[in-house]
Amino acid sequence: MIFSVDKDTQSLNHLPEHQFSSLGILERQDLEEWVIDEPRILGEELLVVTSEFEGFEDTADRLDVLALDTSGKLVVVELKRDKADKTTDLQAIKYASYCSTLTAEDVQKEYRTFWNTRDNEEYSPEDVGADFVEFLDRNLGGEYVTKTEDGWADFELSDKPRILLAAGEYGIEITSPVMWLIEEYGVDITCVRIEAHEHQGRILLNTQQVIPVTEAEEYMTRRRQKQEKQTQSGEYKTTLSVLLERDVLAPGDIVVFDKARVPDQANREWDPEDDFWRGRVTENRGQSDALEWLYDNELCSFTGAAKELLHELVERDRDKVLSGYEYWTHPEFEYERLYNLRDQAVTGDKRQ
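This one's a predicted model, so the numbers in the text were calculated from it and none came from an experiment.

Draft legend 1. Geometry of the overall build of the chain. The secondary structure content of the chain amounts to 9 helices and 17 strands. Intrachain contacts of the chain at a sequence separation of at least 6 include 57% that bridge at least 24 residues. Carbon and sulfur atoms make up 44% of the accessible area of the chain, which totals about 18,200 Å².

Shown next as structure tokens:
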């Protein structure tokens, strides 16, 4: 509850809560715009990447706001100006699944496109990279984020985006499944309630986190950390660094493009001995030069090499999202995908 106090008379007045709709506040034109301009409305510091994001393949779905939090995780924000409807949580889960394959560079490209249009500016990759480095370093102590040769911030996104629901009210059809997903499966979902009040011609907003409740949040955080520890997947421990630490990958190792990922209409036959399908792990630790694609001997990321290979095969758009570690396999581990080797906590003593 919010009260107004007159400093002169010391009189106390209760400010009743109003529905956003009764105040003529619109969901997209007003509430969403306020979140973009000042994301702390949602109760935390966020870097807004884009809004009305529709960069999903084979669907016209659009999420309200996509952001980055201070730990470097993507945050899928779903807004409802009054009561959250019964499918709000399902919508957000769907959007989070769509965003789970985005790379750091994909996100920065979306950020650049959005803010170029919104600010009527021409931000370069260097400008965008500087924004991300500054945001993440400010909150993480400057220990993790570097920049690629192109200017982008060089970090790997977690494949588990957070979900943040913001609404004026929640019913049990939302709170019950959200609590179940949090407690039983460790899904990172936050529900924020935004109240609207009117006072002396101004609209006052009050934000309160309702799920997880403040008292339980520390416990839930510890529980998620325990579950994630099994895969050694720290927020900024990249797939590359994890595989190198476990001796699954070593400089000079050969990786092979996954046969199952070759498009049906490919103009080239898969052959694990053909350099077109092969890459060599370099001694570099950066994301952008970790692999030498043996077809052209260029240094690139695992994702970049996969995108170039698919472009050569079927002219696939290089800007389409994919996760490179899902496309490269290790012959010494029965051609298992690199991402699976990370997820399964495999170590180098399993080499054949």
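Draft legend 2. Spotlight on the nonpolar core. Core analysis: the biggest nonpolar cluster contains 59 residues, and Leu42, Leu66, Leu68, Cys99 and Phe132 have the highest contact counts within it. Those residues in contact with Cys99 that lie beyond four places of it in its chain are Phe53, Phe56, Leu63, Leu66, Leu74, Val76 and Pro161. Membership of the second largest hydrophobic core comes to 30 residues, among which are Val248, Leu249, Val255 and Phe333.

Draft legend 3. View of the packing of helix α1 (residues 27-37) against helix α3 (residues 104-119). Axis separation between α1 and α3 bottoms out at 14 Å; the angle between their running directions is 105 degrees. Judged by the inter-axis angle, α1 sits roughly perpendicular to α3. Side by side, α1 and α3 meet where Glu33, Ile36 and Asp37 of the first sit next to Phe114, Trp115 and Arg118 of the second.

Draft legend 4. Molecular detail of the pattern of salt bridges. As enumerated under the stated definition, the model contains 25 salt bridges in all. A salt bridge links Glu52 to Arg62; the nearest nitrogen and oxygen atoms lie 3.6 Å apart. Here Glu52 is found in strand β4 (residues 46-53), whereas its partner Arg62 is found in the loop between β4 and β5 (63-69), with 10 residues between them in sequence. The exposure class assigned to Glu52 is buried, which follows from its relative accessible area of 15%. Take Arg62: its relative accessible area is 34%, and that puts it in the partly exposed class. Notably, a salt bridge pairs Glu195 with Arg193, separated by 2.7 Å at the nearest N-O pair. On the accessibility criterion, Arg193 (21% relative accessible area) is partly exposed. Taken together, the shared-partner salt bridges in this structure form one network comprising Glu44, Asp69, Arg162 and Asp188.

Draft legend 5. Geometry of the sheet that holds strand β14 (residues 291-293). The 6 strands lie next to each other as β15-β14-β13-β12-β16-β17, forming an open sheet whose pairing is antiparallel. For this open sheet the edge positions go to β15 (298-300) and β17 (336-337), each flanked by a neighbour on one side alone. Relative to β14, strand β13 (residues 278-281) is paired through 3 bridges, and the arrangement is antiparallel. Looking at β14, one finds that Gly279 is bridged to Trp293. Each of β12 (254-257), β13, β14, β15 and β16 (328-330) touches helix α8 (residues 302-314); the most contacted strand, β14, lies at about 15 degrees to it.

Draft legend 6. Up close: α8. Taking 1.5 Å per residue, 13 residues should reach 18 Å; α8 reaches 18 Å between its end C-alpha atoms and fits that length. If you check which residues of α8 are buried, you get Phe302, Thr303, Ala305, Ala306, Lys307, Leu309, Leu310 and Leu313. Downstream of α8 by one or two residues, Glu315 has phi in the positive range, about 55 degrees.

Draft legend 7. Examining a nonpolar patch on the surface more closely. Taken together, Met1, Phe3, Val5 and Leu12 make up a surface patch of nonpolar side chains, about 460 Å² in accessible area. Relative to the assigned elements, Phe3 resides in strand β1 (residues 2-5). Classification of Phe3 as partly exposed rests on a relative accessible area of 43%.

Draft legend 8. Local environment of the pairing of β4. Most of β4 is tucked away: 8 of the 8 residues are buried. Here β4 pairs with β5 via 6 bridges, running antiparallel. Bridged to Val48 within β5 is Ala67.

Draft legend 9. Main features of the packing of aromatic side chains. In this structure the tally under the stated criterion is 14 aromatic pairs. Judged by centre distance (6.4 Å) and plane angle (50 degrees), the ring pair of Tyr95 and Tyr98 falls under tilted. Of this pair, Tyr95 and Tyr98 are both found in helix α2 (residues 88-99), 3 residues apart, which corresponds to roughly one turn of the helix. Residue classification places Tyr98 among the partly exposed residues on the basis of a relative accessible area of 28%. Summarising the aromatic geometry, the rings of Phe276 and Tyr295 are spaced 4.8 Å apart at their centres and angled 85 degrees between planes, so their arrangement reads as edge-to-face. With Phe276 in the loop between β12 and β13 and Tyr295 in the loop between β14 and β15, this pair connects stretches of sequence that are 19 residues apart. Given a relative accessible area of 2%, Phe276 falls into the buried group. Among the aromatic side chains, those forming a connected cluster through ring pairs are Phe257, Phe276, Trp277, Trp293, Tyr295, Tyr327 and Trp328. Looking at Arg261, its charged tip hangs above the ring of Tyr327, at a distance of 4.4 Å from the centre.

What counts as what
- Residues numbered from 1 in each chain as written.
- Predicted model: local features only at pLDDT ≥ 70, side-chain atom pairs only at ≥ 80, totals over all residues.
- Heavy atoms only, no water.
- Helix = DSSP H or I, 4+ residues; strand = E, 2+ residues; numbered from the N terminus.
- Contact = heavy atoms within 4.5 Å.
- Areas by Shrake-Rupley, 256 points an atom, 1.4 Å probe, with all protein chains shown as cover.
- Core = buried A, V, L, I, M, F, W, Y, C linked by side-chain atoms within 4.5 Å.
- Buried < 20%, exposed > 50% of the residue type's maximum accessible area, 1.4 Å probe, protein only.
- Axes fitted to C-alpha atoms, helices over the stretch in contact; angles between N-to-C directions.
- Parallel < 35°, antiparallel > 145°, perpendicular 65-115°, else oblique.
- Salt bridge = Lys/Arg side-chain N within 4 Å of Asp/Glu carboxyl O.
- Pairing = 2+ DSSP bridges.
- Expected span 1.5 Å × (residues − 1).
- Patch = residues over 30% accessible without salt bridge, like charges linked within 9 Å, V, L, I, M, F, W, Y side chains within 5 Å.
- Phe/Tyr/Trp six-rings, centres within 6.5 Å; stacked < 30°, edge-to-face > 60°.
- Lys NZ or Arg CZ within 6 Å of the ring centre and 35° of its normal.

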